[in-house]
Amino acid sequence: MLPRWILPEYIDDVLPNEAKRVEYLRRQLLDLFATQGFELVGPPTIEYLESLLTGSGKDLDLQTFKTIDRLSGRTLGFRADITPQISRIDSHLIGSDNVVRLCYCDKVLRTSPTEVDSPREVIQLGAELFGFDGIEGDIEICRLMLKSLQVSGVVNPILDIGNVAILRALLRKINCSDEEKVEVANLVQRKSQSELSDLLKNVSKSDRDMVLSLTELFGDRSVLSEARKLLARAPEAISGVERLEAIYDVISDLGCAISFDLAEPHGYDYHSGVVFTAYAQGQNTPLGHGGRYDDIGSAFDRARPATGFTLNLRKLAQLTPSVEMVGNKKCVYAPSNFDDKELQRIVEDLRSKGVVVITDLIGDGTIKEERSFTDELILVDGEWSLKPVIKST
């Protein structure tokens, strides 16, 4: 029998050192979002399932923990992603016809890890922009995501960009069912040319060749020039390439490596335009992802253009250079004497300035061995003085 304190698989605690980093980044990034007009919202952890999964794909359904509401008898879901909830808030609670900027930071719970050895409880932080379908919205979101990585201490991040609209434009030229379109998207993402050729055997060679060409269109800026040649017979697809070129021209000098992958239509049944994924140098698992999802609003009976991104806050916190960057570096030891009004006044004055002051409740001094104090309050000639802690060598 397992001990009572053992947690479920891929569920873990956040201990003080990591929690300090996470909270530091949460404050820094939400403050960054606020400077650009993104307003903080806090959707509930649990909702009726049909609302929670509205507009999302099958994968999100499989990732959602479900239970029965004893009050209504209806099925509830513990959110596995926050973005659909933000769209619901924009559609039905804010209800503006103007541009709306919303941000959030909270936990999601998933039935299985989305990456190898990753936790099932994830702290998602993100920003969403509603009500504008122009390229300026895509650029604003890309720039904000890159700035977020910079604030988090990620050096020379990698941004991988694609555009689902390119594949969608090609598939509109092909007479196939919605199910077949999703299958094509999956095969394009897997870069499986043989299976694609077999699936599209009844499609004209020119249209088939354009779809197949997407599996080879990945790499640096030159990929977009090549795409212009190979997709020349599909003007709508070329429009999607031009959008990527315009984004590159604006963000190419923001201190990140940019790559393109036109065979990366992740979330084909969810995203509708530019999509992007962020990585740290030397890492294979993403720090975050985002993109345009204009179709989701229609699921809430109020179609609205939308684009945004989400970051894995705990994963970002692991890249924060040092715990010492969190808050004031000074940490003061104070004796426990609550009857001494002057001592308490000094302690509260220091704390009001952001200084960490820890009271020795036990009084035997062992806390000095457990914590790294920089200073201590000492009674000298009847007056309390703040003195540096002398480190023994």
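The preceding data block contains the structure.
Not measured: the values here are computed from a predicted model.

Peer 1: Describe a negative patch on the surface, with residues and values.
Peer 2: Residues Asp178, Glu179, Glu180 and Glu183 make up a contiguous surface patch of negative charge. With respect to the secondary-structure elements, Glu180 resides in helix H7 (residues 178-190).

Peer 1: Go over the nonpolar core with me, naming the residues and quoting the values.
Peer 2: If you look at the biggest cluster of nonpolar residues, it comprises 69 residues, and the most contacted ones within it are Phe33, Leu159, Ile161, Leu214, Leu231, Phe276 and Phe309. In terms of nonpolar packing, the next biggest core, distinct from the first, is built from 13 residues, Ile82, Leu102, Val108 and Ala306 among them.

Peer 1: Break down the pattern of salt bridges for me, with residues and values.
Peer 2: Enumeration according to the criterion identifies 28 salt bridges in this entry. Of the charged contacts in the structure, one is a salt bridge between Glu23 and Arg27, with a shortest N-O distance of 2.8 Å. Placement of both Glu23 and Arg27 in helix H1 (residues 16-35) is noted, with a separation of four residues, approximately one turn of the helix. As a salt-bridge pair, Lys353 and Asp349 come within 3.3 Å of each other at their nearest N and O atoms.

Peer 1: Kindly report on the environment of Leu167, identifying the contributing residues and their values.
Peer 2: For Leu167, the position within the fold is in helix H6 (residues 164-172). Judged by relative accessible area, Leu167 falls into the buried class, the value being 2%. Placed 70 residues apart in sequence, Leu167 and Asp97 show a C-alpha to C-alpha distance of 30 Å.

Peer 1: Now, about the side chain of Thr83: what can you tell me, with residues and values included?
Peer 2: With respect to the helices and strands, the residue Thr83 is situated in helix H4 (residues 83-94). When sequence neighbours within four positions are dropped, the list of residues in contact with Thr83 reads Tyr104, Glu128, Tyr270 and Tyr293.

Peer 1: Pulling in residues and values, what's your account of the sheet that holds strand E13 (residues 331-335)?
Peer 2: Ordered in space as E14-E13-E15-E16, the four strands form an open sheet in which the pairing is mixed. Strands at the two margins of the open sheet, each flanked by one partner only, are strand E14 (356-360) and strand E16 (383-388). For this sheet, the mean inter-axis angle between neighbouring strands, taken without regard to orientation, is 35°. For strand E15 (residues 375-380) and E16, the ladder comprises six bridges, and the chain directions are antiparallel. By the bridge assignment for E16, Leu377 is matched with Leu386. Each of E13, E14, E15 and E16 is contacted by helix H13 (residues 341-352), which is oriented at about 145° to E14, the strand it contacts most.

Peer 1: Describe the packing of aromatic side chains, naming the residues involved and giving the relevant values.
Peer 2: The full count for this structure, using the stated rule, is five aromatic pairs. Summarising the aromatic geometry, the rings of Phe130 and Tyr293 are spaced 6.5 Å apart at their centres and angled 85° between planes, so their arrangement reads as edge-to-face. Placement of the pair is Phe130 in strand E6 (residues 121-130) and Tyr293 in the loop between strand E11 (288-292) and strand E12 (306-312), with a sequence separation of 163 residues. Each member of the pair, Phe130 together with Tyr293, is buried. Through a chain of ring-to-ring contacts, three or more aromatic side chains come together here, namely Phe33, Phe38 and Phe309. The side chain of Arg74 reaches across the aromatic face of Tyr48, ending 3.6 Å from its centre. The cationic tip of Arg101 hangs over the ring face of Phe38; the distance from NZ or CZ to the ring centre is 6.0 Å.

Conventions used here
Residues numbered from 1 in each chain as written. Predicted model: local features only at pLDDT ≥ 70, side-chain atom pairs only at ≥ 80, totals over all residues. Heavy atoms only, no water. Patch = residues over 30% accessible without salt bridge, like charges linked within 9 Å, V, L, I, M, F, W, Y side chains within 5 Å. Areas by Shrake-Rupley, 256 points an atom, 1.4 Å probe, with all protein chains shown as cover. Salt bridge = Lys/Arg side-chain N within 4 Å of Asp/Glu carboxyl O. Lys, Arg positive; Asp, Glu negative; His and termini not counted. Charge placed at Lys NZ, Arg CZ, Asp CG, Glu CD. Helix = DSSP H or I, 4+ residues; strand = E, 2+ residues; numbered from the N terminus. Core = buried A, V, L, I, M, F, W, Y, C linked by side-chain atoms within 4.5 Å. Buried < 20%, exposed > 50% of the residue type's maximum accessible area, 1.4 Å probe, protein only. Contact = heavy atoms within 4.5 Å. Pairing = 2+ DSSP bridges. Axes fitted to C-alpha atoms, helices over the stretch in contact; angles between N-to-C directions. Phe/Tyr/Trp six-rings, centres within 6.5 Å; stacked < 30°, edge-to-face > 60°. Lys NZ or Arg CZ within 6 Å of the ring centre and 35° of its normal.

Functional significance is not addressed by these values, which are geometric in nature.
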